[in-house]
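# Structural description and commentary
Read off the chains here:
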Amino acid sequence: MHTCFMRKIPLLVSLLLAGFFALSQRISYFVSFPNLAHHEAQVSLIVSDLPTRSAVFRMSRSSPGRYATHEFGKNVYDVKAFDEKSGSLEVLRRDGDVYEVPRSGGYIRLVYTIFGNYADGTYLGLDQEDIHINMPAMFMWLKGADKMPITIHFDIPQDLHWTIATQLKPTSDPWTFWAPGLQYFMDCPTKIGNLSYRNWELRNPDGKTYQFRLAFDGKSDDSVLTAFSQKVARMVREEQAIFSETPAYDFGNYTFLASINPFVHGDGMEHRNSTMISIPAEFHGEDFLLEVFAHEFFHCWNVKRIRPRSLEPFNFEKSNMSDELWFAEGFTQYYGELVVVRSGMQEDTSFSDAMTGYINTKLNTAGAKFYSPVDASRHAVYTDAGVAVDKTNYPNMFASYYPYGASVALALDLQLRQQFGKTLDELMQAAWKRFGKPEIPYTLEGLQETLATLTGDGKFAAAFFSKYITGHQAPDYKPLLAQAGFLLIRPGEGKSWIGNLRFTDKEGLTLASATIRTTPLYEAGADADDRILKLGDTPLKNQRELNDWLSVHKPGETHWLTYMHHGVEKTSRITLSENPYWKVVTYESAGLPVNEQMRQFRRNWLGTRLK
Ligand SMILES: [Zn+2]
């Protein structure tokens, strides 16, 4: 999400440019919090030496790492503008979130009130206890001024003894920060409050050292937080080993902004030099929390620097469609879960649960059976925390690119190991060297070429992409898993089944959601809000009676289904099938022998990469 400005101009030069701009055009924000009790802040946006006659300010409609639109303009009101002598200027509201100030001088101070009471990785949380800022949810910006350096000052009452955690660049004033331009500014979530910190250093093979910081918002014993931060540090080293190095963080450090308390909403959002993690729970240093940290940290390579061309530059005025989220998110999902196992925070056999999820997504969801990972990625503009008032048909035409992409990562990793003596780690490292480190945005073709180069087999790479990335064929997981001593079993074999059903009521059989194509109930014509009345001649009143009926009938049998739709009783034929759900289990738990080759394979795949 970084502009050419960030990418092509080295830091030193950009700092010099900043000095130059400081003499002419620049943008400054002043933020104060006179009404935190009611979740409000006052924002002043000052622009000086404007060359144009009219200035257009707007709120964003999207946020880095979120691909659907979010209407941040809805929480803005009392928008006013002033000139240098505090004289009022006219403000014309051009759209819900667009404000124009026509004027003669080159100076404008735009002032507005913003409300925010939803702390997560996207929105704004203004509260007496802490301030939780995702920049697009709070700050209007001047159109056409994306490249202008930005300074921001936070006016915080000193008696609160709060601290601030952000990846905006510090200045000599502890409450004033700097960003080289709008894209960087928007990518720096900020927390202000009673934060606890843990710091450590990490050295790259080139000898450069980076500072890491865990800024924690929640209640914790010191020793618990310290132990947890040591696990995060271990995970960071484990991921560094995959790519061979961490990115060169812009200002020499990386921050985990971690809010783990009951007052936030669950999320994790990656940024260039930080991540905003919010988990609504009391914190006890649990190991499973590390998975979110591992996922978000992996993004500092994959998506923030190994970046799809479709997301460059990130557009704050609309949704951002990408063909590549199966890779950006799906491969990150795979590694987030894998790295927790490699770091020793979970048993290596627990990875079978993650694989069960990936494989069922691929083999047993309509979205992945009938559409490609590219198709799934494109639909993120609606599904990525998008809001729909009407009903959607996602279960029949969309699969989440997280587990769908992870199902591709799993198949590719195992196939690279089986066929080429290579690993997915090596592919990620190759993508890092080719696209990430030089910050050249990639395309699908570029990724395919990277796979071709790694394997030395262009035909394999082309076939893999056409079958599993732009196509929607299913990999044959059984032999791939067998190398590592994992087995695919079908627990529902031999038992009759009419679909994965949820009902609106405990006592009754009214379908709570859309039925899924290829399942018996879908083929029989029943859908959401319909009520099952009878199978064959047997009246059914609840789930127990339905299950009893299914248990005495066999897959393949055809019966009459009677159901109620819009007050009309309907009858159709239904053919019972088997639950197609797959489960990945270890050979050990299936009573099969595990040989030394399998153990070695598991060590190489699921074991630590640290020496
Ligand atoms: Zn992610």
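Residues numbered from 1 in each chain as written. Predicted model: local features only at pLDDT ≥ 70, side-chain atom pairs only at ≥ 80, totals over all residues. Heavy atoms only, no water.

## Let's talk about the overall build of the chain
A count of helices and strands for the chain gives 19 helices and 29 strands. Taken against the 2.2 N^0.38 rule, which gives 25 Å for 611 residues, the C-alpha radius of gyration of the chain at 27 Å falls within 12% of a compact globule. With the C-alpha coordinates of the chain rotated into their principal frame, the extents come out at 85 × 65 × 50 Å. When the 611 residues of the chain are sorted by exposure, 55% land in the buried category. Of all intrachain contacts in the chain linking residues separated by at least 6 positions in sequence, the fraction that spans at least 24 positions is 69%. Approximately 25800 Å² of the chain is accessible, and the part contributed by carbon and sulfur atoms is 51%. (Helix = DSSP H or I, 4+ residues; strand = E, 2+ residues; numbered from the N terminus. Rg over C-alpha atoms; globule rule 2.2 N^0.38 Å. Buried < 20%, exposed > 50% of the residue type's maximum accessible area, 1.4 Å probe, protein only. Contact = heavy atoms within 4.5 Å. Areas by Shrake-Rupley, 256 points an atom, 1.4 Å probe, with all protein chains shown as cover.)

## Thoughts on the sheet that holds strand β24 (residues 531-535)
One open sheet holds the 4 strands; their spatial order is β25-β24-β26-β27, and the pairing between them is antiparallel. Bordering the open sheet on either side are β25 (538-539) and β27 (568-575), each of which pairs with just one other strand. Bridge analysis of β24 against β25 gives 2 bridges, and the strand direction is antiparallel. Of the residues in β25, the one forming a bridge with Lys534 is Pro539. (Pairing = 2+ DSSP bridges.)

## A look at the pairing of strand β18 (residues 209-217)
Across 8 bridges, strand β17 (residues 196-203) lies against β18 in antiparallel orientation. Residue pairing across strands places Glu201 opposite Gln211, the latter belonging to β18. Handedness of the β18-helix α4 (residues 222-243)-strand β19 (residues 253-260) crossover: left-handed. (Right-handed = clockwise from strand over helix to strand, strands pointing away.)

## Remarks on the nonpolar core
Within the largest apolar cluster, 156 residues are counted, with the highest numbers of intra-cluster contacts made by Met138, Phe139, Phe154, Phe256, Tyr334 and Trp605. Residue assignment places this core across two domains, with domain 1 (4-193) and domain 2 (321-484) each supplying three or more. Setting aside anything within four residues of it in sequence, one finds Phe139 in contact with Tyr29, Val31, Val43, Arg58, Met59, Tyr112, Ile133, Ile152, Phe185 and Met186. By size, the runner-up hydrophobic cluster in this structure holds 17 residues, among which are Leu511, Leu535, Trp549 and Ile574. (Core = buried A, V, L, I, M, F, W, Y, C linked by side-chain atoms within 4.5 Å. Domains from an automatic or database assignment.)

## Some thoughts on the coordination of the zinc ion
Donor atoms from the polypeptide that coordinate the zinc ion comprise His295 (NE2), His299 (NE2), Glu329 (OE) and Glu329 (OE), at 2.0 to 2.8 Å from the metal. Relative to the metal, the 4 donor atoms surrounding the zinc ion lie at angles of 51 to 151°, and the coordination shape comes out irregular. Each donor residue of the zinc ion belongs to the same chain, with the gaps between them written as H-x3-H-x29-E. You can see His299 sitting in the loop between α5 (290-298) and α6 (325-342) and its partner Glu329 sitting in helix α6, a full 30 residues away along the chain. Residue class for His299 comes out buried when judged on its relative accessible area of 0%. (Donors = N, O, S within 2.8 Å, 3.2 Å for Na, K, Ca; no water. Tetrahedral: all angles 85-135°; square planar, octahedral: opposite > 155°, others 65-115°.)

## Points about the domain arrangement of the chain
Once the domains are mapped, the chain shows domain 1 (4-193), domain 2 (321-484) and domain 3 (496-578). Between domain 1 and domain 2, the C-alpha centre-to-centre distance is 37 Å. Taken together, the contact pairs 7 residues of domain 1 with 9 residues of domain 2. A combined buried area of about 700 Å² lies between domain 1 and domain 2, and 56% of that area is made up of carbon and sulfur atoms. Across the contact surface, domain 1 and domain 2 share 1 salt bridge. Taking the shortest distance from any N to any O, the salt bridge between Asp384 and Arg66 comes out at 2.6 Å. In this assembly, domain 1 and domain 2 are joined by 2 residue pairs in polar contact (both at pLDDT 80 or more). Here the residues of the side of domain 1 that touches domain 2 are counted per class, giving 2 nonpolar, 3 polar and 2 charged. (Buried area = accessible area lost by both parts, 1.4 Å probe. Salt bridge = Lys/Arg side-chain N within 4 Å of Asp/Glu carboxyl O. Polar contact = N/O pair within 3.5 Å; in protein donor to acceptor, adjacent residues only side chain to side chain. Nonpolar A, V, L, I, M, F, W, Y, C, P; charged D, E, K, R; others polar.)

## Structural notes on the pattern of salt bridges
Considering all chains together, one arrives at 28 salt bridges under this definition. Two residues, Arg58 and Glu317, come together in a salt bridge whose shortest N-O distance is 3.0 Å. Note that Arg58 is positioned in strand β3 (residues 54-58) and Glu317 in the loop between α5 and α6, a separation of 259 residues in sequence. The class of Glu317 is partly exposed, set by a relative accessible area of 26%. When the shortest N-O distance is used, the salt bridge between Glu100 and Arg94 registers 2.6 Å.

## Regarding helix α15 (residues 458-469)
Given a rise of 1.5 Å per residue, 12 residues ought to cover 16 Å, and the 15 Å separating the end C-alpha atoms of α15 matches this to within 8%. The set of residues buried in α15 consists of Phe460, Ala461, Phe464, Phe465, Tyr468 and Ile469. Along the long axis of α15, the arc covered by the buried residues comes to 130°, so they all point the same way. For α15, the secondary structure elements touched by its buried residues are α6, α9 (373-378), α12 (401-420) and α14 (444-455). By the N-cap criterion, in which a side-chain oxygen at the helix start approaches the backbone nitrogen of a residue two or three places on, α15 is capped by Asp457, the distance to Lys459 being 3.2 Å. (Expected span 1.5 Å × (residues − 1). Arc of directions from axis to C-beta.)

## Points about the side chain of Ser377
For Ser377, the position within the fold is in helix α9. Given the relative accessible area of 1%, Ser377 is considered buried. Ignoring sequence-local partners within four residues, the contact set of Ser377 consists of Ser322, Asp323, Glu324, Leu325, Trp326 and Tyr401.

## Regarding the packing of aromatic side chains
For the coordinates displayed, the defined rule picks out 48 aromatic pairs. Consider the rings of Phe243 and Phe298, whose centres lie 5.1 Å apart with planes at 50°: the pair is tilted. Remark: Phe298 occurs in helix α5 and Phe243 occurs in helix α4; sequence separation between them is 55 residues. Judged by its relative accessible area of 0%, Phe243 falls in the buried class. Note on Phe298: relative accessible area 0%, which makes it buried. Measuring from centroid to centroid gives 5.5 Å for Trp326 and Phe331, while their planes differ by 75°, and the two rings are edge-to-face. Taking the relative accessible area as the measure of exposure, Trp326 reaches 2% and is therefore buried. Above the plane of the ring of Trp560 lies Arg573, whose end atom (NZ or CZ) is 4.5 Å from the centre. In this arrangement the basic side chain of Arg602 is found over the ring face of Phe486, its NZ or CZ atom lying 5.0 Å from the centre. (Phe/Tyr/Trp six-rings, centres within 6.5 Å; stacked < 30°, edge-to-face > 60°. Lys NZ or Arg CZ within 6 Å of the ring centre and 35° of its normal.)

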